[in-house]
Amino acid sequence: MDMLKALFLGALLSVTIGMVVGSQGTSAGPLAIQLVSIADAKLYWSWPIFLSGSGIAWGLMLLQR
């Protein structure tokens, strides 16, 4: 269950940072922010931020046990 919570937090972090940085027209180098079109919506996404954010959130949840 902790991993599902961590994945949600990682996705939220990725979308938040992606919107702020991606809307400025940059890919932010190693963050690799990409514009993803889903139906009629446009979303900025970064796999490196998602994976690292999920890992950090999962680690913090394990430390809280």
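Residues numbered from 1 in each chain as written. Predicted model: local features only at pLDDT ≥ 70, side-chain atom pairs only at ≥ 80, totals over all residues. Heavy atoms only, no water.

(A) Representation of the pairing of strand E2 (residues 41-45) in the model. Relative to E2, strand E1 (residues 34-38) runs antiparallel, the two sharing five bridges. Paired with Ser37 across the strands is Lys42, a residue of E2. (Pairing = 2+ DSSP bridges. Helix = DSSP H or I, 4+ residues; strand = E, 2+ residues; numbered from the N terminus.)

(B) Representation of unusual backbone geometry within the structure. Notably, Ala28 is not glycine yet its phi reads approximately 60 degrees, a positive angle. With respect to the helices and strands, Ala28 occurs in the loop between helix H1 (2-22) and E1. Looking at Ala28, the relative accessible area reads 23%, which means it is partly exposed. Not every positive phi belongs to a glycine, and Ala32 is a case in point at roughly 50 degrees. As for its position among the elements, Ala32 is in the loop between H1 and E1. Of the residues examined, Ala32 reaches a relative accessible area of 29% and is grouped as partly exposed. (Buried < 20%, exposed > 50% of the residue type's maximum accessible area, 1.4 Å probe, protein only.)

(C) The arrangement of H1 in detail. For H1, spanning 21 residues, the distance from its first C-alpha to its last is 29 Å, which sits close to the expected 30 Å at 1.5 Å a residue. Buried within H1 are the following residues: Asp2, Ala6, Gly10, Ser14, Gly18 and Gly22. Axial view of H1: buried residues confined to an arc of 125 degrees, hence all on one face. H1 presents Leu4, Phe8 and Val20 as exposed residues on the side facing more than 90 degrees away from its buried surface. Those residues of H1 hidden inside the fold are in contact with E2 and helix H2 (47-63). (Expected span 1.5 Å × (residues − 1). Arc of directions from axis to C-beta. Contact = heavy atoms within 4.5 Å.)

(D) How the structure looks around the pattern of salt bridges. As enumerated under the stated definition, the model contains one salt bridge in all. One salt bridge connects Arg65 with Asp2, and the closest N-O pair in it is separated by 2.7 Å. Placement of the pair is Arg65 in the segment after H2 and Asp2 in helix H1, with a sequence separation of 63 residues. When its relative accessible area of 73% is taken as the criterion, Arg65 is described as exposed. The class for Asp2 is buried, based on a relative accessible area of 15%. (Salt bridge = Lys/Arg side-chain N within 4 Å of Asp/Glu carboxyl O.)

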